[in-house]
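# Structural characterization, general
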Amino acid sequence: MEDLADAGYLARLDAHYGAHNLDDRIRAALRAAGKHEAPTIDDLAPLDQFHTGGKHATRQLAERAGLHAGQSVLDAGGGIGGPARTLAALYGCAVTVLDSTEAYCQAGAILTALTGLSDRVTFRHGNALDMPFADGSFDVVWTQHATMNVDDKERLFAEAFRVLRPGGRLVLHEIMAGPVRPVHFPVPWARDATMSYLRPAGEIRSLLATTAFVEVVWDDVTASSLAWFEARNGGPVPSGPSQLGLHLLLGPEFREMGQNMLRNLAEGRIAVVQAILDRR
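Residues numbered from 1 in each chain as written. Predicted model: local features only at pLDDT ≥ 70, side-chain atom pairs only at ≥ 80, totals over all residues. Heavy atoms only, no water.

## Observations regarding the overall build of the chain
- Within the chain one finds eleven helices and seven strands.
- Taking 280 residues into account, the globule formula puts the C-alpha radius of gyration at 19 Å, and the chain, at 17 Å, falls close to it.
- Taking the principal axes of the C-alpha coordinates as reference, the chain spans close to 50 × 45 × 35 Å.
- The burial tally for the chain puts 56% of its 280 residues in the buried class.
- Contacts in the chain between residues far apart in sequence, at least 24 positions, make up 79% of those at least 6 positions apart. (Helix = DSSP H or I, 4+ residues; strand = E, 2+ residues; numbered from the N terminus. Rg over C-alpha atoms; globule rule 2.2 N^0.38 Å. Buried < 20%, exposed > 50% of the residue type's maximum accessible area, 1.4 Å probe, protein only. Contact = heavy atoms within 4.5 Å.)

Listed below in structure tokens is the structure:
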């Protein structure tokens, strides 16, 4: 079994996500788009909203969770920080992004500085199975398409529970296993099955209950996720030319990954869930 506690597996994740010269390629794309001086969070959305539904899904989830100014949020597996910057800019949250890919943390810090949000969004390179934070550090733990590479989900959610203050909130927007197997690869989180650890939604729901979270919302959004991909012809970014897009993160396979996402959703091989749970 491989997971984020294994140094070799972490190296493989870095190889998958940590594209060579990511900072330079993002800067070049910003210049080509004429957005290199002071991009807005909307300018960056085609690149940094690395999940089904894009920025709309981030805002929808934040509204459902009742996020508001002054809350401290841990974005576990937050990548280059698109949702984090959205939560900071639109809801006034103070957000810490924790990600195991150092290149994402570096790129995220650069983009955050360019958008003028460094006072509200910070990045920490680290392991979600051993979160480098004290007990009760956060009001909210947020994960948005961040758990698919984690095998030891028991430990992941136990850590989320630990770093939440009593009465804090766990907010999820995650891909889970569908009733049909196997998944068609490559997909954005894995080029093959050795890096993909999906579990059925019912199993995750039961696990969270045993971790002493109290369910507030559990919503299967697979149908709307499929419609979102269909509207983009399976591509992970809107159709048409774009200097800023997920191709900068995913490389030349990004369109095949998008087509496979559409196919997996349509064939019931993956499901997408939004959930909100409170810590006792």
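Having seen it, we continue.
## Quick notes on the environment of Glu 154
- Along the chain, Glu 154 falls in helix H7 (residues 153-163).
- In this structure, the C-alpha to C-alpha distance between Glu 154 and Gly 8, residues 146 residues apart in sequence, is 21 Å.
- Look past the residues within four positions of Glu 154 in its chain and what remains in contact with it is Arg 199 and Leu 207.
- At 2.8 Å, the side chain of Glu 154 and the side chain of Arg 199 are in polar contact. (Polar contact = N/O pair within 3.5 Å; in protein donor to acceptor, adjacent residues only side chain to side chain.)

## Some thoughts on the pattern of salt bridges
- Taken as a whole and assessed by the stated rule, the structure comprises 15 salt bridges.
- Here Asp 119 ties to Arg 120 by a salt bridge, and the two come within 3.8 Å at their closest N and O atoms.
- Assessed through its relative accessible area of 66%, Asp 119 is described here as exposed.
- Looking at Arg 120, the relative accessible area reads 31%, which means it is partly exposed.
- In this structure, Arg 169 engages Asp 278 in a salt bridge whose closest nitrogen and oxygen atoms are separated by 2.7 Å. Of this pair, Arg 169 sits in strand S5 (residues 164-177) while Asp 278 sits in strand S7 (residues 270-279), and the two are 109 residues apart along the sequence.
- Among the charged side chains, a salt-bridge network with shared partners connects Asp 135, Glu 159 and Arg 162. (Salt bridge = Lys/Arg side-chain N within 4 Å of Asp/Glu carboxyl O.)

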